[in-house]
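Spelled out from the first residue to the last, the chains are:
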Amino acid sequence: MTDLYPVPAEWAARAKVKDADYKALYARSIDDAHAFWLEQAKRLDWVRFPTRTNESSFDEADFGVKWFADGQINVAANCLDRHLAERGDQVAIIWEPDAPTDAPRRFTYRQVHEEVCRFANVLKAQGVKKGDRVTVYLPMIPEAAFALLACARIGAIHSVVFGGFSPEALAGRIQDCDSSIVITADCGRRGGKLVPLKTNVDAAAQHAPSLTSVIVIRATGAEVPMQAGRDVWYDEAAQGVSADCPAETMDAEDPLFVLYTSGSTGKPKGVLHTTGGYLLWASLTHELCFDYRPGQIYWCAADIGWVTGHSYIVYGPLANGGTTLMYEGVPNWPDASRIWQVVDRHQVEIVFTAPTALRALMRDGDEFVARTSRKSLKLLGTVGEPINPEAWRWYHEVVGEGRCPIVDTWWQTETGAAMIAPLPGATDLKPGSATRPLFGVVPELVDADGQVLEGATDGNLCITRSWPGQMRTVWGDHARFFQTYFSTYKGKYFTGDGCRRDEDGYYWITGRVDDVINVSGHRMGTAEVESALVLHAKVAEAAVVGFPHDIKGQGIYAYVTLNAGEEASEALRKELRDWVRTEIGPIATPDAIQFAPGLPKTRSGKIMRRILRKIAEGDVSSLGDTSTLADPAVVDDLVANRIKS
Ligand code: 6R9
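As the structure is a prediction and not an experimental result, all values here were calculated from the model.

1. Remarks on the site of the ligand
- In the vicinity of the ligand lie 17 residues, with D408, T409, T413, D497 and R523 positioned nearest.
- Backbone polar atom of G384 to a nitrogen atom of the ligand: 3.1 Å apart, as the coordinates give it.
- Within the contact set of the ligand, an oxygen atom lies 2.9 Å away from a side-chain nitrogen or oxygen of R512.
- When the ligand is considered free in solution it has 530 Å² of accessible area, and contact with the protein chains removes 96% of it.
- When contributions to the shell around the ligand are tallied by element, the ones reaching two or more residues are α11 (307–319), β18 (406–409) and β24 (507–512).
- For the shell around the ligand, the per-class residue count stands at six nonpolar, six polar and five charged.

2. Notes on the side chain of T274
- In this structure, T274 sits in strand β13 (residues 269–274).
- Reaching out from T274, the side chain makes a polar contact with the side chain of E253 at a distance of 2.9 Å.
- Polar contacts involving the side chain of T274 include one to the side chain of R472, which spans 3.3 Å.
- If near-sequence neighbours (up to four positions away) are discounted, T274 is found in contact with A252, E253, D254, P255, L256 and R472.

3. What to know about the UniProt feature "binding site: CoA" (unreviewed entry) in the protein
- According to UniProt, the positions carrying the feature "binding site: CoA" (unreviewed entry) are R190, G191, G192, K193, T308, N332, S520 and R581. The annotated residues occupy 392 residues of the chain and do not converge on a single region, their most distant C-alpha atoms lying 23.8 Å apart.
- Secondary-structure assignment places G192 in the loop between β7 (188–190) and β8 (193–195).
- Setting aside chain neighbours within four positions, we find G192 in contact with D98 and W333.
- Mapped onto the fold, R581 is located in helix α18 (residues 570–583).
- For R581, a relative accessible area of 39% translates into the label partly exposed.
- Contact partners of R581, with chain neighbours within four places excluded, come to S166, P586 and T589.

Rules used in this analysis
- Residues numbered from 1 in each chain as written.
- Predicted model: local features only at pLDDT ≥ 70, side-chain atom pairs only at ≥ 80, totals over all residues.
- Heavy atoms only, no water.
- Near = heavy atom within 4 Å.
- Polar contact = N/O pair within 3.5 Å; in protein donor to acceptor, adjacent residues only side chain to side chain.
- Areas by Shrake-Rupley, 256 points an atom, 1.4 Å probe, with all protein chains shown as cover.
- Helix = DSSP H or I, 4+ residues; strand = E, 2+ residues; numbered from the N terminus.
- Nonpolar A, V, L, I, M, F, W, Y, C, P; charged D, E, K, R; others polar.
- Contact = heavy atoms within 4.5 Å.
- UniProt positions renumbered as here; feature names shortened; annotations may be inferred.
- Buried < 20%, exposed > 50% of the residue type's maximum accessible area, 1.4 Å probe, protein only.

What follows is the structure in structure tokens.
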């Protein structure tokens, strides 16, 4: 028996989309798709309104993803200029600083417009042109939003790299998209600590010869070395620069941004999103999932370094004329009541955060929540990983005092914005289920052989037809795009997620079925961590798997075989953890490292990850068939020396 939380009467009465509307619109989005999407396109301000909609194919012969191809549009003009007449003096961005004792800042649409135009002119003065890649390595400061919109205004392609990534990871991302410019800050602030962003850029530059220019925002006043001829302070460069910058007319299929994400193999992929379809999808889903109306204070507590920050801090809410809150800090500093204090301080009506943050706050106890009012809250969202029903109920009952619908949005960097999610006025909720597909989204569950499964069932989640916000390619490697997502199950987009569909047609994402692990809502490829480990001089071989973790969702468990003559020790274990931190970043730090004399392999040399996963999970009684192992004795050693969490 699952609990059902019916749509509250008040929501059913006043929401933009009610259950009957959802059913009718969903049917139309499938049966009369062309007309439906032309109608939806009206929500944006086009330079040339499109006459074409979906021209995508998932088949190898004519493979490609294309939407609104004859439309022309500028994203920044849609997020700013078109709102000026009606809401120029409305607050567009509220910025809440890391330290609660510091003053928040507010920017109206008119002010953001001016900041963005000036930033765009600074980029131009640095030689940035339409189509150039601009790497953004910034903390959560208002300039991060300005930088993205400035790129969009002049048709440059931004590539945001999360501020928690190491110099090595940053260098790889600069090189992969051949970017010559980085926008950074002297330092970032998070949880009372400084993050040395500029110093990291200097270190990355050693491995990124394409980098010729660095714009540095003075965010903290920390002293940092500046390299003459390469580095400029933003405030100095912006002095005397005109705040008039016309928005470049872009084709709907011109690139908007690249965002790197981990896959099951090799190095991170540069996921490319384009202009018209992406903005339409971000804005439509933002309005529908949150039943958003301008004037409401809305807070997506993600970092701009992830796709959630792109679509739901910047592009979706601003395209919709909203007021979006950007928070510089972390959920539990100075203490576990911070999120709810920010809610009270700014009278936030909608909060959108990740299950991992909720689990951590839940562990710290209800009193941190209870000491705040939260009366302004109307709706609560989650994203990033499956939400366990216990955390869902805590969010609903303790945080929302039972009155706020929980909107659990399933989606991916690749999908641009939400794909499966409830609409608060239309969808009865079940804790732990992302519920039903959004308009135009056709999920399908298949078995390992690609057989389509009907009715209530478990399977691998595919999407059978394109939607406007779908990624268009992997930067520089179109073949990899096809290979990664469309070759496993012919003619379908394979998400990499496992999923259950229940008797009501509700979808329950069960987690990744490939070699991607989800650590605190952040994707990590096991292959990436393995490559970092084997780069260490003492490591011969490494295999990495995920295991269940109370707060993070999944933790990282590494099996390491040392080179002959090397001794396993606590000191080496720490050295390897630190090594991975510096190679990739703190989010990739292994939770457990088990030294293993050998790894379980098939006779053809393939590591049997299934067995490694079971051991890491502590499920050693059901290791399954080990008869194909080259040396079954290896498993006994692994089981005996398992690290208990
Ligand atoms: C938006 C984002 C994508 C992966 C995805 C899935 C997991 C995201 C989820 C969810 C269950 C949800 N995921 N939202 N699982 N319920 N509501 O997180 O993008 O970083 O690319 O991660 O995250 O496994 O495949 P991204």
